[in-house]
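# Descriptive analysis of the structure
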Amino acid sequence: MSVLIAGGAGYIGSTVASACLDAGITPVILDSLVRGRAEFTEGRIFYQGDIADGALVDRIFSEHPDISAVVHCAALIVVPESVADPIGYYEANVTKSLAFVGHLHRNGCDRLIFSSSASIYRAEDGSPVTEDSPLAPQSPYARTKAVCEGMFADIAAAGKMRVLSLRYFNPIGADPLLRTGLQLKRPSHALGMLIQAHQAGTPFPVTGVNYPTRDGTGIRDYVHVWDLAAAHIAAIERFDAILTASRPSIAINLGTGSGTTVRELCAAFDNVVSTPLTTVDTDPRPGDVAGGYTTSDRAARLLDWAPRLSLEEGIRSALDWIPVRDKMLGD
């Protein structure tokens, strides 16, 4: 069996491709390399190009008629960049996704797994969200994910496709075999900034200590990228059992069910490294919120999925990946 992975040279898509290989599924990668890395496609079937290129998509299906499903990970994902360039983000994430789905439908492919985002929820007060929580995306990036989900659901309701959307917050770590990982030199998420502070020997600022969380610091949902890849594999394998003519689309949250506070993240980091981290409490930055996390009851029921790798394992693999990443980037 083959699966087409759009955005398969990016962080999530390339890790899903690694998991496919381990599961005996052949990944066929389509990526423009605007953000992805050619190194992540080595030894894999790879087509460089745009998901909106109908002729290319037709060629892929012609050359790989055994493609049974598509995993859609292709997107621009940087929130501040989306605020500065909403036109570019809507074009890349929404307009091209609509064209892509049209190409898939023309080629008779009706199974789509959409790698979405839990940022489409309003998760600001430290509490968990379920699939039934109100959607309130707070950035152009998040709104593109919400728009795509709604668009895909409408297409599915018309009988043109079946769509399973996977929603998650903060992926961390790398493929355990270090085949793929986060390709950014200076990631802007909390773990990335924490690693940078530790490497520089400077205190890590804990921005806000009076939030309505269990220790007063902000809370986020960190899920090991290998666990996320496992969920995508489960979605591929269980697709027909989950989605039917009477239920052509569904969203499934992938999260820890408990979240991780900033202090808990720092403590987990100290459990992994030999030199303890130093921290300093500071005031919240403008726009900072308590945050939130997702429950995964539906994922447990429909995908038989729950996170199996610990926060410490995610941190350790992120650290192990750094020299591989630096070599890849030429640093």
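A short tour of the structure in this document, coming up. (Residues numbered from 1 in each chain as written. Predicted model: local features only at pLDDT ≥ 70, side-chain atom pairs only at ≥ 80, totals over all residues. Heavy atoms only, no water.)

A word on the packing of aromatic side chains. The tally for this structure, following the rule as stated, stands at two aromatic pairs. Relative to Phe 152, the ring of Phe 114 has its centre 5.0 Å away and its plane inclined at 85°; by these criteria the two rings are edge-to-face. One end of the pair, Phe 114, is in strand S5 (residues 111-115); the other, Phe 152, is in helix H5 (residues 140-157), and 38 residues separate them in sequence. Overall, the relative accessible area of 2% leaves Phe 114 in the buried class. (Phe/Tyr/Trp six-rings, centres within 6.5 Å; stacked < 30°, edge-to-face > 60°. Helix = DSSP H or I, 4+ residues; strand = E, 2+ residues; numbered from the N terminus. Buried < 20%, exposed > 50% of the residue type's maximum accessible area, 1.4 Å probe, protein only.)

Here we take up the sheet that holds strand S3 (residues 45-48). The strand order across the open sheet built from seven strands is S3-S2-S1-S4-S5-S7-S12, with neighbouring strands paired in parallel fashion. Edge positions in the sheet fall to S3 and strand S12 (249-253), since each of these pairs with one other strand and no more. Strand-to-strand twist in this sheet, taken as the mean axis angle between neighbours without regard to direction, amounts to 20°. Across five bridges, the pairing between strand S1 (residues 2-6) and strand S4 (residues 67-72) is parallel. When the sheet's bridge partners are listed, Ala 6 is paired in S4 with His 72. Across the sheet, helix H2 (residues 54-63) lies against S1, strand S2 (26-31), S3 and S4, angled at about 160° from S3, the strand it touches most. Here H5 sits on the sheet in contact with S4, S5, strand S7 (162-167) and S12, set at roughly 165° to S5. (Pairing = 2+ DSSP bridges. Axes fitted to C-alpha atoms, helices over the stretch in contact; angles between N-to-C directions. Contact = heavy atoms within 4.5 Å.)

Right, let's talk about helix H4 (residues 86-106) for a bit. Compared with an ideal rise of 1.5 Å per residue, which puts 21 residues at 30 Å, H4 spans 29 Å between its outermost C-alpha atoms and is within 8% of the ideal. Along its length, H4 shows its largest kink, about 30°, at Ser 97. Residues of H4 that are buried include every one of Gly 88, Tyr 89, Ala 92, Asn 93, Val 94, Ser 97, Phe 100, Val 101, His 103 and Leu 104, and no others. Immediately beyond the C-terminal end of H4, within one or two residues, lies Gly 108, with a positive phi of roughly 80°. (Expected span 1.5 Å × (residues − 1). Bend = angle between axes of the 7 residues up to and from the residue.)

What follows deals with unusual backbone geometry. In the Ramachandran plot, Leu 33 falls in the positive-phi region, its phi being about 65° despite a non-glycine side chain. Here Leu 33 is to be found in the loop between S2 and S3. Relative accessible area serves as the criterion here: at 22%, Leu 33 is assigned to the partly exposed category. One non-glycine residue, Asp 304, adopts positive backbone phi at about 55°. One can find Asp 304 in the loop between helix H9 (297-303) and helix H10 (311-329).

So, about H5. In this model, H5 (18 residues) spans 25 Å end to end at C-alpha, consistent with the 26 Å of a helix rising 1.5 Å per residue. Within H5, burial applies to Pro 140, Tyr 141, Ala 142, Thr 144, Lys 145, Ala 146, Cys 148, Glu 149, Met 151, Phe 152, Ile 155 and Ala 156. Tucked into the core, H5 has its buried residues touching S4, helix H3 (79-84), H4, S5, S7 and S12. Once H5 ends, the next one or two residues include Gly 159, with phi positive near 80°.

A separate point is the nonpolar core. If you look at the biggest cluster of nonpolar residues, it comprises 37 residues, and the most contacted ones within it are Leu 164, Ile 252, Leu 254 and Leu 303. Elements that contribute at least two residues to this core include exactly S1, helix H1 (11-22), S7, helix H7 (225-242), S12 and H9. Element by element, the count of residues in this core is highest for H7, at 11 residues. Not counting residues within four places of it along the chain, the set of residues in contact with Leu 254 comprises Leu 166, Arg 167, Tyr 168, Asp 221, Val 223, Leu 228, Ala 231, Thr 294, Ser 296, Ala 299, Leu 303 and Trp 305. Formed by 27 residues, the second largest nonpolar core is a distinct cluster that contains Ala 6, Ile 60, Leu 104 and Phe 114. (Core = buried A, V, L, I, M, F, W, Y, C linked by side-chain atoms within 4.5 Å.)

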